[in-house]
Amino acid sequence: KDRHLKIANSKIHLDDGALKNGARPSISVSFNSLSSKYRNNFIAVLTCGYAADGVDSLAHLKRNNSVVIVQNPDDCEANSMPKEAKNRNIYDFVFDTENIAFYLSCMSLQFVTIDEWIKYLLDGM
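Our subject in this report is the structure included herewith. Everything numeric in this text was worked out from a predicted model, so none of it was measured. (Residues numbered from 1 in each chain as written. Predicted model: local features only at pLDDT ≥ 70, side-chain atom pairs only at ≥ 80, totals over all residues. Heavy atoms only, no water.)

On to the sheet that holds strand E4 (residues 67-71). Spatial ordering of the open sheet is given by E3-E4-E5, a layout of 3 strands whose pairing is parallel. Lying at the two open borders of the sheet, with one neighbouring strand each, are strand E3 (43-46) and strand E5 (93-95). Neighbouring strand axes in the sheet, compared pairwise and without regard to direction, differ in orientation by 25° on average. With 4 bridges connecting them, E3 and E4 associate as parallel partners. Residue pairing across strands places Ala44 opposite Val68, the latter belonging to E4. Packing against the sheet, helix H3 (residues 80-88) makes contact with E3, E4 and E5, and its axis sits at approximately 125° to E4. (Pairing = 2+ DSSP bridges. Helix = DSSP H or I, 4+ residues; strand = E, 2+ residues; numbered from the N terminus. Axes fitted to C-alpha atoms, helices over the stretch in contact; angles between N-to-C directions. Contact = heavy atoms within 4.5 Å.)

Here Gly17 lies in the loop between strand E2 (11-15) and helix H1 (27-38). Separated by 14 residues in sequence, Gly17 and Arg3 have C-alpha atoms that sit 7.4 Å apart. Sequence-distant contacts of Gly17, that is, excluding residues within four places in its chain, are made with His4 and Arg24.

Our focus in this paragraph is unusual backbone geometry. Looking along the chain, the bond that leaves Arg24 and enters Pro25 is cis, with omega of 10°. Position of Pro25 relative to the elements: it lies in the loop between E2 and H1. Positive phi outside glycine occurs at Ser10, with the angle close to 60°. Its location among the elements puts Ser10 in the loop between strand E1 (4-8) and E2. On the basis of relative accessibility, which here comes to 49%, the residue Ser10 falls in the partly exposed class. Phi at Arg39 takes a positive value of approximately 45°, unusual for a residue other than glycine. Taking the relative accessible area as the measure of exposure, Arg39 reaches 40% and is therefore partly exposed. (Buried < 20%, exposed > 50% of the residue type's maximum accessible area, 1.4 Å probe, protein only.)

Next comes the structure, spelled out in C-alpha cells:
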C-alpha cells in the first residue's frame, strides 16, 4: 500500500518515491520501470480507471517498442484513463476485456512478434 512498484536487478521493488499523477502507487511509474527493463518484451495493458495515470507513460512505452493495449472505454464505467489514451493515439490495440485475455493467451504460446501473432490469426488459428 502507498508504494510504487518498480523493477531493478530483475527483482520487484516497492518504492516510497514522490506522488506521480497525484497517486502512489502510480501505474505510470510501473509501466516506465518495466518497459525500460523489458523493452519490446513488455506488454502494457491500460484498463479502466479515473484520471489519466498511465497515459503519460505511453510515449515512453512506444519508444521502447513495448506493446500497448488499451481497454475499450465503452466497456468501462470508470473510463477516463482509456478514453485519454485513445485520444492521444499512442497504442497498438484497443480491445474489450475478452480480446485482451485472448491476445495475452496467444502471447503465452511463445510467439516472438506481433507480426507472427497476426499471421496466426489470419491463417485461421
